[in-house]
Amino acid sequence: MKVSNIISFLFMSGLGVVSAAASANEFYTLTLTGGVEDNVPRVRGNPDAAESGFVVANFMGGKFIQLGANHSVTLAADMSSTRYFSHPGFDRIGVSASAGYTYKMGFGAYAPRIGASFSLGKEEMDGLARDRRLVTSAAFFEKRLSSYLSFSAGLDYQVSRGDSLPDDWRLASFGYDPDNRLPATLFDDDSSSVFAELAYDLPNGMLVTGGYSRTDGFTVASTQTPNLHVYKLSRAIYTDPAWPDLWFGYRLPAIVDDWSLGLSIPVLRDSSIGIGGSWQDVDGPDDLYYDNRLVTISFIHNF
């Protein structure tokens, strides 16, 4: 059964099971985003060639079920489409479904919450080498520290698996030992993350957020010509279908530090504008270091 079919089955089955719950609210959210990313293919040098503007359309729907005074469950599914202006080979379509449980440790607005979630996802890009299936589990903690300030933190573990790929004769042209060559699984790896966020409610209804995450996992970087140094440090290699001409993709172990700032501005009763920035430092093995910056503006409407 395809991942998209599994997601649909789990989501609809879950809605049916809880349809008789005493307190259940459906929610639907449309998010339209435009932005600029300065290192889409994770390359070093030639920053002008790596930068691209992009647009994202995302639709999420789900149901929030209050099981009691302190227990709640959230079921959700979402679809997204991303388009890059300068690097169309990195366009992608994603679908996912998730289930989460939250326990409120007491009563009142200042009682902390703990919870866990599980999700299945699928991303498809231009070429099988960058398609992947995702399974993510997470645990989190939330606490309102004052009438304006709240804190959340957690950890997650993600399993990423790509599709089976045929041999590519262009890899043999490297001249590397075929008996000791790397696998072609660019996205077959696992990663674990820790994250934290502070949110501050301004008196005028705006919300300011600041977050940090650290991921121990991998990155997929590209080079225009074969690179023996990168090859020796990689866990996988394959011709990169994201480029119209011949480039090579490498899966590298990496630590990724991500800092983010955001501002949410209400504009209508059920709509808001979001402005955000993200700074990513990707620390690969040896001297392989990449950075990436994103600036975005979004329109969010809740139905």
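Note that the coordinates shown come from a computational prediction; the quantities given were computed from them, not determined experimentally. (Residues numbered from 1 in each chain as written. Predicted model: local features only at pLDDT ≥ 70, side-chain atom pairs only at ≥ 80, totals over all residues. Heavy atoms only, no water.)

1. Some words on the environment of Ser298
Rule in force here: For the purposes of this entry, the term helix denotes a DSSP run of H or I that reaches at least four residues, the term strand denotes a run of E that reaches at least two, and both are numbered from the N terminus. Three labels apply to residues, based on accessible area from a 1.4 Å probe with only protein chains included: buried if under 20% of the type maximum, exposed if over 50%, partly exposed otherwise in between. Note on definitions: a residue-residue contact is assigned when non-hydrogen atoms from the two residues lie within 4.5 Å. N or O atoms within 3.5 Å of each other form a polar contact, as long as, within protein, one can give a hydrogen and the other can take it, and as long as residues adjacent in sequence are counted only when both atoms are side-chain atoms.
Note on placement: Ser298 falls in strand S13 (residues 289-302). A relative accessible area of 13% places Ser298 in the buried class. Measuring from C-alpha to C-alpha, the distance between Ser298 and Thr31 comes to 6.6 Å, with 267 residues separating the pair along the chain. Residues contacting Ser298, with those up to four places away along its chain left out, are Thr31, Leu32, Thr33, Ser272, Ile273 and Gly274. A polar side-chain atom of Ser298 sits 2.8 Å from a polar atom in the side chain of Thr33.

2. Observations regarding unusual backbone geometry
With a phi angle near 60°, Asp286 is a residue other than glycine that sits in the positive phi range. The class of Asp286 is exposed, set by a relative accessible area of 60%.

3. Some words on the pattern of salt bridges
To keep it simple, the criterion reads: Any carboxyl oxygen of Asp or Glu that lies within 4 Å of a side-chain nitrogen of Lys or Arg is treated as forming a salt bridge with it.
Within this structure, the stated rule accounts for 13 salt bridges. The salt bridge partner of Arg133 is Asp163, with a shortest N-O separation of 2.8 Å. Placement of Arg133 in strand S6 (residues 132-144) and of Asp163 in the loop between strand S7 (149-162) and helix H3 (169-172) is noted, with a sequence separation of 30 residues between them. Through salt bridges that share partners, Lys122, Arg133 and Asp163 make up one connected network.

4. Re the nonpolar core
Just so we agree on the cut-off: Put simply, a nonpolar core is a bunch of buried Ala, Val, Leu, Ile, Met, Phe, Trp, Tyr and Cys residues held in one set by side-chain atoms that sit within 4.5 Å of each other.
Formed by 19 residues in total, the largest nonpolar core has its most connected members in Leu186, Tyr250, Leu252 and Tyr290. Every element with two or more residues in this core is listed here: strand S9 (207-223), helix H4 (228-233), strand S10 (236-239) and strand S11 (248-268). Ranked by residues supplied to this core, first place goes to S11 with 5 residues. Formed by 11 residues, the second largest nonpolar core is a distinct cluster that contains Val40, Val43, Phe54 and Met125.

5. Structural notes on a nonpolar patch on the surface
Just so we agree on the cut-off: Residues enter patches when they are more than 30% accessible in relative terms and free of salt bridges; like-charged ones are connected within 9 Å and nonpolar ones (Val, Leu, Ile, Met, Phe, Trp, Tyr) within 5 Å. Here the accessible surface of atoms and residues is derived via Shrake-Rupley with a 1.4 Å probe, and residues count as covered only by protein chains that are part of the display.
Together, Tyr101, Tyr103, Met105, Ile114 and Phe141 make up a nonpolar patch on the protein surface, roughly 410 Å² of accessible area in all. Structurally, Ile114 can be placed in strand S5 (residues 113-125). A relative accessible area of 36% places Ile114 in the partly exposed class.

6. Comments concerning the pairing of S7
Heads up, the condition is: One requirement defines pairing of two strands: DSSP has to find at least two bridges between them.
Note that S6 and S7 share 13 bridges and pair antiparallel. Counterpart to Lys143 in the pairing with S7 is Phe151. Remark: 4 residues form the turn of the hairpin made by S6 and S7, two consecutive strands paired antiparallel. One ladder, built from 12 bridges, connects S7 with strand S8 (residues 189-201); its direction is antiparallel.

7. A few points about the pairing of S8
When S8 meets S9, the two strands line up antiparallel, connected through 10 bridges. Directly across from Ala196, in S9, lies its bridge partner Tyr212. Remark: 5 residues form the turn of the hairpin made by S8 and S9, two consecutive strands paired antiparallel; Gly205 in that turn has positive phi of roughly 95°.

8. Focus on the side chain of Ser191
Within the fold, Ser191 resides in strand S8. Here Ser191 falls in the buried class, since its relative accessible area comes to 10%.

9. Details of the packing of aromatic side chains
Note the cut-off: Pairing of aromatic rings covers Phe, Tyr and the six-membered ring of Trp, with a centre-to-centre limit of 6.5 Å; geometry is then stacked below 30 degrees between planes, edge-to-face above 60, and tilted otherwise.
Within the structure shown, the criterion is met by 8 aromatic pairs. Centroid distance Tyr148 to Tyr200: 6.0 Å. Interplanar angle 35°. Geometry classified as tilted. Of the two residues, Tyr148 sits in the loop between S6 and S7 while Tyr200 sits in strand S8, which places them 52 residues apart along the sequence. Taking the relative accessible area as the measure of exposure, Tyr148 reaches 38% and is therefore partly exposed. Take Tyr200: its relative accessible area is 38%, and that puts it in the partly exposed class. Between Tyr212 and Trp259 the ring centres are 5.4 Å apart and the planes differ by 45°, which places this aromatic pair in the tilted class. Of this pair, Tyr212 sits in strand S9 while Trp259 sits in strand S11, and the two are 47 residues apart along the sequence. By relative accessible area, which is 39% here, Trp259 ends up partly exposed. Among the aromatic residues, ring-to-ring pairing joins Tyr28, Phe59 and Phe303 into one connected group.

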